[in-house]
Amino acid sequence: MSVTERRPSTDDLAKEDFGALKVVPVRHPWRWLAVAVTAVLVAQFVHGLATNSGWEWGVFAEFFTADVILEAVWVTLQLTFYGTALGFALGIVIAFMRLSASPFLKSVAFAYIWAFRSIPLIVQLLFWFNLAYLYKELQFGIPFGPGFFSFDTMGLVGAMSAAVLGLALHQAAYAAEIVRAGVLAVDSGQLEAAAALGIPRLRQIRRIVLPQAMRSILPNAANEIISLFKGTSIVSVMAIGELFYQVQVIYGRNGRVVPLLMVATAWYVLLTTALSVLQHYVERHFSKGESR
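Note on numbering: residues in each chain are counted from 1, in written sequence order. Local features in a predicted model are, by the rule used here, given only for residues with pLDDT of at least 70; side-chain atom pairs are given and counted only at 80 or more, and totals for whole chains, interfaces and linings are based on all residues. The basis for every side-chain value is the complete set of non-hydrogen atoms in the structure, without hydrogens or water.

Caption draft 1: Main features of the overall build of the protein. The helix and strand tally for the protein stands at 13 helices and two strands. Per-residue accessibility, obtained with a 1.4 Å probe over protein chains only, is compared with the maximum for each type, and a residue is labelled buried under 20%, exposed over 50%, and partly exposed between these values. In the protein, which comprises 292 residues, the proportion classed as buried is 30%. Every residue pair with non-hydrogen atoms within 4.5 Å of one another is taken to be in contact. Counting contacts in the protein only where the partners sit at least 6 residues apart, residues at least 24 apart contribute 71% of the total. Accessible area for the protein stands at about 19,400 Å²; split by element, carbon and sulfur atoms hold 65% of it. For helices the rule is a DSSP run of H or I covering at least 4 residues; for strands it is a run of E covering at least 2, with both sets numbered from the N terminus onward. To measure how exposed things are, a 1.4 Å probe is used in the Shrake-Rupley method; for residues, cover is taken only from the protein chains shown.

Laid out in structure tokens, this is it:
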């Protein structure tokens with residue numbers, strides 16, 4: 001003879017007084033310990049910033065808005081803007097070359113990306129800066145034939161031009177892969193539907209592919225722009241008066257290394273924050289109609 005356990009019915013549950021039950025919150029002792037340790041470390045760091053005389057905040061305040069620093073910030077912004085604009089313009093072309101049905105165009109695009117991602121940026125910059133050593137002049141005319149006019153390389157490619165050229169060509173290799181990944185993220189069925197409706201290929205790319213691809217492109221593109229903005233400090237090897245170079249010149253004269261480095265750090269943080277805010281609004285614009 002077996003005894004079957006009786007399950008409580010709905011009426012029994014309704015009669016149960018849940019208010020009499022004691023609710024015990026979940027305890028997270030290790031989480032609170034981590035919070036306490038982190039808070040102590042942050043407090044110590046802030047206290048050190050405020051009380052350690054080695055930071056020399058007076059010197060920092062003196063040079064933060066100095067004319068030479070503001071001019072250097074402007075040069076840094078120019079390098080970032082030109083490098084980004086030219087780099088992404090060329091990167092879009094290279095990306096669609098890689099997506100092309102032509103094996104030759106695919107090979108050329110792949111070789112470009114492979115080469116410029118393999119060679120360190122500082123080597124590229126120094127190469128363009130010393131271009132006149134290899135080519136005294138550049139001629140334009142019939143390929144492998146006579147030239148119609150020429151330019152003196154020494155006067156054509158100066159320090160600023162070499163920096164923009166090197167940054168743009170380097171950026172184009174990474175931009176091409178970012179754009180290609182964004183385009184591949186778009187469902188191919190939409191292109192097939194657009195082609196069935198007779199929409200021209202160029203309009204398909206401009207009105208269907210790119211607006212959707214921008215959702216995938218923007219986060220990675222913003223990271224590249226911010227990296228390029230900070231990476232402009234490498235052009236200091238070419239004696240261009242960008243932010244980091246000017247800071248080096250100043251602390252080389254007065255010996256105030258730490259506060260001058262903090263001047264550069266503060267400007268980099270401020271401008272990177274501004275770029276991040278701009279990224280947020282651009283991403284929100286291209287995310288209209290999409291709920292997450």
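Caption draft 2: Quick look at the layout of surface pockets. Think of a 1 Å grid over the protein atoms and nothing else: a 1.4 Å probe that fits but is trapped marks a cavity, an open set flanked by protein within 12 Å on at least five of seven lines marks a pocket, and residues with an atom within 4 Å of a point count as lining. Grid points are joined across faces, edges and corners, and a volume is the space filled by probe spheres set on the points. Considered as a void within the structure, the largest pocket measures approximately 490 Å³ in volume. As for the largest pocket, its lining consists of 20 residues, and the residues nearest its centre are Thr84, Phe88, Leu218, Ala221 and Ile225. Of all the elements in the fold, those that place two or more residues in the lining of the largest pocket are helix H4 (67-98), helix H11 (201-231) and helix H13 (257-286). Looking at the lining of the largest pocket element by element, the count peaks at eight residues for H11. Asp, Glu, Lys and Arg are counted as charged, while Ala, Val, Leu, Ile, Met, Phe, Trp, Tyr, Cys and Pro are counted as nonpolar; the rest, among them Gly, fall into the polar class. Here the lining of the largest pocket is built from residues that sort into 17 nonpolar, three polar and no charged.

Caption draft 3: Fine view of the nonpolar core. Counting 36 residues, the largest nonpolar core has Leu79, Ile94, Tyr112 and Val235 as the members making the most contacts within it. Mapped by element, the contributors of at least two residues to this core are H4, helix H5 (103-118), helix H6 (121-129), helix H9 (159-184) and H11. Broken down by element, this core gets its largest block of residues, twelve residues, from H9. The nonpolar core is taken to be a set of buried Ala, Val, Leu, Ile, Met, Phe, Trp, Tyr and Cys residues, with the residues joined through side-chain atoms within 4.5 Å. In this structure, Val59, Leu243, Tyr251 and Leu271 belong to the second largest nonpolar core, which totals 20 residues.

Caption draft 4: Summary view of the packing of helix H3 (residues 57-64) against H13. Where H3 meets H13, the closest approach of the two axes is 8 Å, and the angle between their N-to-C directions is 55°. The orientation of H3 relative to H13 falls into the category oblique. As H3 runs across H13, the sense of the crossing is right-handed. Between H3, through Trp57, Val59, Phe60, Phe63 and Phe64, and H13, the contact on the second element is made entirely by Pro259, Leu260, Met262, Val263, Ala266, Trp267 and Leu270. Counted by class, the contact of H3 with H13 contains twelve nonpolar, no polar and no charged residues. To define axes, lines are fitted to C-alpha atoms, for helices over the stretch in contact only, and angles between the resulting N-to-C directions are given on a 0 to 180 degree scale. Should an angle fall under 35 degrees it is called roughly parallel, over 145 degrees roughly antiparallel, and 65 to 115 degrees roughly perpendicular, with every other angle called oblique. Crossing handedness follows the turn of the near helix against the far one: under a right angle anticlockwise gives a left-handed crossing, and clockwise gives a right-handed one.

Caption draft 5: Representation of the pattern of salt bridges in the model. Each salt bridge in this description consists of a side-chain nitrogen of Lys or Arg and a carboxyl oxygen of Asp or Glu lying within 4 Å of one another. Scanning the model with the defined rule gives three salt bridges in all. Among the salt bridges present, the one from Glu177 reaches Arg180, with a minimum N-O distance of 3.1 Å. Residue Glu177 and its partner Arg180 are both found in helix H9; the two are separated by three residues, about one turn of the helix. Through salt bridges that share partners, Arg98, Glu177 and Arg180 make up one connected network.

Caption draft 6: Spotlight on H6. Those residues of H6 lying buried are Leu121, Gln124, Leu125 and Trp128. Buried residues of H6, seen end-on, are gathered within an arc of 100° and therefore sit on one face of the element. If you follow the buried residues of H6, they end up packed against H5, helix H7 (131-134) and H9. Comment: arc refers to directions from the helix axis out to C-beta atoms.

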